[in-house]
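Inside the fold
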Amino acid sequence: MLSWFKGTEKDPARREMIEKGLGNVKYLVHTIESLLMVARQEKHRIVLNKTDIDILALTEQAKQELAFLYPEKTKRVRVVNQLPEKCVVHADAMYIENVIRNFLENALKYSDNDVEVTVTLAVKGERLVVSVKDTGWGIPRNCLKRLFTQFYQVPRDADRERKGYGIGLAQARYIIQEHRGEIRVTSEENQGSTFSFTLPILA
């Protein structure tokens, strides 16, 4: 319905409001999907709807959607596309976009306003590599081992506390593992973090 209103609305200000509404609805769906995935992953595997996907387009889409939540910070997100022409990645577009969005949102959420975020898309050997590097608050070394555990949240000082469910990274790891990929993180407190994942180019 919101998409229909957007298509018929001519006033720019109202179109922007409708666009924000669409972004918030998609974010809600993403959150519900995350909760359901975490709840059921111990019982059965997810069903992947694999198609040939455009990783660059998914990244730009995730960035655009987050602009409604972090309008100033997303201006500091740079996408570096090092993919060869006609690069084919066979994966589930919805789930992979969820992972990219999670990495991006964490970079924007756990940082100051002057954060710099670089998303790099590349191919190494026969694997796609997507990395999100930020200059944010970073993660204490003693927290890294628990980072992908369900419901775990990194302890923060009161002025750096952010609302969350502690399920995004657990979900991301599960998705990437189901795609026969790997997920990694390097981080240093007050220096920033780099989250990355790999996927087979053809799988």
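For the structure itself, consult the block above.
My aim in this report is to walk through the structure given alongside it, one point at a time.

Procedures and definitions
Throughout this document, residue positions are counted from 1 along each chain, in the order its sequence is written. Residue-level local features of this predicted model are given only where pLDDT is at least 70; pairs of side-chain atoms are given and counted only at 80 or more, and the full residue set underlies all totals for whole chains, interfaces and linings. Side-chain calculation: all heavy atoms of the structure are included, whereas hydrogens and water are not. Here a strand is any run of E in DSSP of at least two residues, a helix any run of H or I of at least four, and the numbering for each starts at the N terminus. Expected span of a helix, by definition, is 1.5 Å for each gap between consecutive residues, and there is one gap fewer than residues. Buried, partly exposed and exposed residues are distinguished by accessible area as a fraction of the type maximum, computed with a 1.4 Å probe on protein chains only: under 20%, between the cut-offs, and over 50%, respectively. Polar contact is the term for a pair of N or O atoms within 3.5 Å; when the atoms are in protein, one must be able to donate a hydrogen and the other to accept it, and sequence-neighboring residues count only if both atoms are side-chain atoms. Every axis corresponds to a line fitted to the C-alpha atoms, with the helix fit spanning only the stretch in contact, and the corresponding angles, defined between N-to-C directions, vary from 0 to 180 degrees. Whether a crossing is left-handed or right-handed is set by the direction in which the near helix is turned from the far one by less than a right angle, anticlockwise for left-handed and clockwise for right-handed. The contact criterion used is simple: two residues touch if any of their non-hydrogen atoms lie within 4.5 Å. Residue polarity follows a fixed list, in which Ala, Val, Leu, Ile, Met, Phe, Trp, Tyr, Cys and Pro are nonpolar, Asp, Glu, Lys and Arg are charged, and the others, Gly among them, are polar. The aromatic pairing rule takes the rings of Phe, Tyr and Trp, using the six-membered ring of Trp, and pairs them if the centres are within 6.5 Å, calling planes under 30 degrees apart stacked, those over 60 edge-to-face and the rest tilted.

Right, let's get into helix α4 (residues 93–109). End to end, α4 covers 24 Å across 17 residues, agreeing with the expected 24 Å (1.5 Å per residue, within 8%). Among the 17 residues in α4, 15 count as buried, and that is most of the element. For α4, the capping residue at the N-terminal end is D92, with a side-chain oxygen 3.1 Å from the backbone nitrogen of M94.

Now for the packing of α4 against helix α5 (residues 168–178). It is at 9 Å that the axes of α4 and α5 come closest, and there the two elements cross at 145 degrees. Of the two possible hands of crossing, α4 and α5 adopt the one that is left-handed. Residues Y95, I96, N98, V99, N102, F103 and N106 of α4 touch α5, and the partners they reach there are G168, L169, Q171, A172, I175 and I176. Class assignment for the residues of the contact of α4 with α5 results in 8 nonpolar, 5 polar and no charged.

This next bit is on the packing of aromatic side chains. Inspection of every chain in the model, using the stated rule, returns 3 aromatic pairs. When the ring of F103 is compared with that of F195, the centres are 5.4 Å apart and the planes differ by 40 degrees; the resulting orientation is tilted. One end of the pair, F103, is in helix α4; the other, F195, is in strand β7 (residues 192–200), and 92 residues separate them in sequence. A residue is classified by how much of its surface remains accessible, and F103, at 1% relative accessible area, is buried. On the numbers, 6.1 Å between centres and 55 degrees between planes, the contact of F103 with F197 is tilted. Placement of the pair is F103 in helix α4 and F197 in strand β7, with a sequence separation of 94 residues. Grouping residues by exposure puts F103 and F197 together as buried. An aromatic cluster is present here, built from F103, F195 and F197 joined pairwise through their rings.

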